[in-house]
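So the chains spell out like this:
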Amino acid sequence: MKKLTMKCSTRMDLLTYGAVILAYVVLLVLRDGGHLSRSLTGQLVPICCYVSMAVSLNLTVGILGELSLGHAGFMSVGAFSGVIAAMSLQSAIPAAPLRLAVAMLVGAGTAAVAGVLIGTPVLRLRGDYLAIVTLAFGEIIKELVNCLLVGWDSHGLHLALNLTGNKTIADLGLEADGIAIIKGAQGSAGVTTIATFTAGFLLVMITLFVVLNLRSSRAGRAIMALRDNAIAAESVGLDLTRYKMMAFVTSAALAGAAGALYGLNFSSLQATKFDFNTSILILVFVVLGGLGNMLGSIVAAAALTILPEALRSFADYRMLVYAIVLILVMLLTNDPTLRAYRDRILAALSGKRPGKEAL
Amino acid sequence: MKKKKFFALVTAMAMVLGLAACGSSDTPAADEGGTSDESSTVTAFKIGTLGPLTGGTAIYGQAVANGAKIAVDEINAAGGDIQFEIQSEDDTNDPEASVNAYNTLMDDGMQMLVGPTTTGPAQAVSAVAYTDRTFMLTPSASSTDVIDGKDNVFQVCFTDPNQGTAAADYMAENMAGAKVAVIYQNDSAYSQGIRDTFVAEAGVQGLEVVWEGTFTKDTATDFSVQLTAAQAAGADTLFLPFYYQEASLVLNQADAMGYAPTFFGVDGMDGILTMEGFDTSLAEGVMLLTPFSADAEDERTQTFVQTYQDQFGEIPNQFAADAYDAVYILKAALEASGCTADMSAAEICEKLVEVMPTLSVDGLTGSGMTWDASGAVSKAPMAVVIENGVYVLP
């Protein structure tokens, strides 16, 4: 019995990797053959970022079982630290792919540090309390970045916190050759965009690899045991704090890498992008895809990122239609009645006659 | 039984949705048909506008789309060699959505871009347009970051530094001895940008800034703290470099607490008179910098305001006028460069970049507008004061 379930989950993992690789190859061939619209081509990197965000949040929400409403905060930390790294290493590392990799590592590292800082006090809480505190964390990050002034010149990195609100980038005292990287509330502008679809694909694969392996490891089973019954798990000697931190920090680091890729895909970036709405959007991907279901998260993130663009023909009703589609999809995937309908329609489509007359 | 009811409900919902979709897509389709019929003899240039048609800043994006449409209709009706086809996309004031919308426009064959409307999205799109070599003329994105280092990006509005400096100069000249308090939104690139240059220029001009206060997008509902502090600091002039929604609240709350300084806004204040549910008597005496006044006496402005009112039922703001001018600027540039509609976006771009610094265009928002190679426009900002619900020159 045990062997069978193990096999089943491995098969599911392989299917997930396979689906991602297949999607990458197909899209790459289509894009290079010029069959992909510009609209979709432009969304490839953001989709990879959101997929990676959804998979990493699924680690916290689905596997660790804690509701986090501040995932965009880690994305923000990763994005801005990644942008700082990439901009200041422009002359030191001329090769764009290498610089991108370094920026993503810096993004992941900084987000991991933020994860430890926030995780230490927060993971003592449970359920709703934890959700509220992570929400506050996301807001704090947004406000901090709004106060942050960063510049780079031949002397190195210049940092200032504009807490009183009357400093500008001129107060950093940059030399003539210096570049302003983050201008407080105005965010960063003039970023050299070095993100590529291949980097996005690699990020998704690494994220999947880390999350899926963590889940099937000894630590992963401990994490899930804590999720299912913390008291029972602790009574057999599992270290609650250690395993919680492990999942939480891993999730934060992966989100940071995704943020760095996102930040380097657009020429301008403001902290307001990573607000509460973005955290909720990512949570929607996870819930729609199914808690703990990585393939579901991937599909949901990709579909819901493309959907608003695909609905452009609805003009002003676009976001209304998006909301209605979201409600219908949630019902279709989770309402038992509608699921029965869906299954019946699928059966009819595949040529099998439904067992009994509808209704 | 219950099941049946539920299914019926869902089906009904889907049908309503379908109908709504038909309703919305019918109108633009009919419009496009009309345009292409007229221009069937001469091939039309395809231009696109980008801006927030939905969301909190929708009034700007809609004004841009409407203003550009009026200009296109006029040009097409006049039937010259240059005809336009126009398409407007929604970017919800988000850089990511704006880049997506830009790509959609490019998919649909756009040759020149009039947009984006707001600064954040414009920064992101200008980088893409620069790489693609698509000619971009933004009606209203005023940050210098939009045009910096991009030879093919031009502005119709004046830049943020220009506005902050002009506001300080105006105050120093006409309101000598004023004690100024500044309230600004420190998570908005636009607001922060104007505040920075205003304070710098105020220092140069010897204008006294007695107090500065900030707010963010999330705290933009209650200004009593800032107002009380400004009053306590003895400010008799309040500089408000942000958009009109927040400004309307400031005016309301200042009125409620009986504080009546001189309010001074910039171009974001434009639109306050047409805001739904706002008591325009509160805006009496408010001063603002704007390049456009709907009450100007000249015939072109009058015709434009009349057409706008007939078609869209409201008085056009500065954004509409900027977009209207943008289309005429494109027309002038196309004429000067001798481009034809069958050229690719990149070819048109190279030719337009060459002729832009040689142009001088008279528009609704300024006469004799000229551009330098950086993309910034040179025209004079104008201060107006609101009296009896209309803008008048002080």
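From a predicted model like this one, the values you see are computed outputs, not experimental measurements. (Residues numbered from 1 in each chain as written. Chains lettered and ligands numbered in written order. Predicted model: local features only at pLDDT ≥ 70, side-chain atom pairs only at ≥ 80, totals over all residues. Heavy atoms only, no water.)

Caption draft 1: Helix α11 (residues 294-310) of chain A, seen in detail. Residues and elements named next belong to chain A. Taking 1.5 Å of rise per residue, the 17 residues of α11 would be expected to cover 24 Å, and the 24 Å separating its terminal C-alpha atoms lies within 8% of that figure. Among the 17 residues of α11, 12 are classified as buried, and the element is accordingly described as predominantly covered. What α11 keeps buried is the set Met294, Leu295, Gly296, Ser297, Ile298, Ala300, Ala301, Leu304, Thr305, Leu307, Pro308 and Glu309. Here α11 starts with a cap whose side-chain oxygen sits 3.3 Å from the backbone nitrogen of leucine 295, and that cap is asparagine 293. (Helix = DSSP H or I, 4+ residues; strand = E, 2+ residues; numbered from the N terminus. Expected span 1.5 Å × (residues − 1). Buried < 20%, exposed > 50% of the residue type's maximum accessible area, 1.4 Å probe, protein only. Polar contact = N/O pair within 3.5 Å; in protein donor to acceptor, adjacent residues only side chain to side chain.)

Caption draft 2: Summary view of the pattern of salt bridges. Scanning all chains against the criterion turns up 20 salt bridges over all chains. For aspartate 32 of chain A, the salt bridge goes to arginine 31 of chain A, with nearest N and O atoms at 3.5 Å. The exposed category is assigned to aspartate 32 of chain A, whose relative accessible area is 58%. Glutamate 96 of chain B is the salt-bridge partner of lysine 273 of chain A, the closest N and O atoms lying 3.3 Å from each other. (Salt bridge = Lys/Arg side-chain N within 4 Å of Asp/Glu carboxyl O.)

Caption draft 3: Here's a closer look at the sheet that holds strand β2 (residues 156-161) of chain A. Residue and element names in this part refer to chain A. Strand order in the open sheet formed by three strands is β2-β1-β3, and the pairing between neighbours is antiparallel. Both edges of this open sheet fall to β2 and β3 (179-183), since each of them pairs with a single strand only. Strand after strand, the sheet turns through a mean of 15° between neighbouring axes, direction not considered. Relative to β2, strand β1 (residues 148-153) runs antiparallel, the two sharing six bridges. From the neighbouring strand, leucine 148 faces β2, where its bridge partner is leucine 161. In the packing of helix α3 (residues 71-88) onto the sheet, contacts are made with β1, β2 and β3, and the angle to β3 comes to roughly 180°. Its contacts with the sheet place helix α5 (residues 127-147) against β1 and β2, and it is angled at close to 50° to β1. (Pairing = 2+ DSSP bridges. Axes fitted to C-alpha atoms, helices over the stretch in contact; angles between N-to-C directions. Contact = heavy atoms within 4.5 Å.)

Caption draft 4: Looking closely at the confidence of the model for chain A. Residues and elements named next belong to chain A. Per-residue pLDDT for chain A has a mean of 88; in total, 95% of the residues score no lower than 70. Confidence, read as mean pLDDT per element, is least for helix α13 (residues 336-349) in chain A (80) and greatest for helix α6 (residues 197-216) (96). The model gives residues 354-359 a pLDDT under 50, and that stretch makes six contacts with residues more than four places away or in other chains. (pLDDT = per-residue confidence, 0-100.)

Caption draft 5: View of the side chain of serine 251 of chain A. Residues and elements named next belong to chain A. Following the sequence through the fold, serine 251 ends up in helix α9 (residues 240-263). Residue classification places serine 251 among the buried positions, given a relative accessible area of 2%. Apart from residues no more than four positions distant in its own chain, serine 251 is found in contact with Ser56, Leu57, Leu59, Thr60 and His71.

Caption draft 6: Spatial organisation of the sheet that holds strand β1 (residues 45-51) of chain B. Residue and element names in this part refer to chain B. Strand order in the open sheet made by the five strands is β2-β1-β3-β4-β5, with parallel pairing throughout. Both edges of this open sheet fall to β2 (84-90) and β5 (153-155), since each of them pairs with a single strand only. Strand-to-strand twist across the sheet, computed as the mean angle between neighbouring axes with direction ignored, equals 20°. Strand direction decides the pairing type here: strand β3 (residues 112-114) and strand β4 (residues 135-138), joined by three bridges, are parallel. In the strand pairing of β4, valine 114 is matched with leucine 137. In the packing of helix α3 (residues 95-107) onto the sheet, the strands contacted are β1, β2 and β3, and the crossing angle to β1 comes to about 165°.

Caption draft 7: Seen up close, the pairing of β2 of chain B. All names here are of chain B. Of all seven residues that make up β2, five are buried, and the element is covered over most of its length. Strand direction decides the pairing type here: β1 and β2, joined by seven bridges, are parallel. When the sheet's bridge partners are listed, glycine 48 is paired in β2 with glutamine 87. Handedness of the β-α-β unit built from β1, helix α2 (residues 58-78) and β2 comes out right-handed. (Right-handed = clockwise from strand over helix to strand, strands pointing away.)

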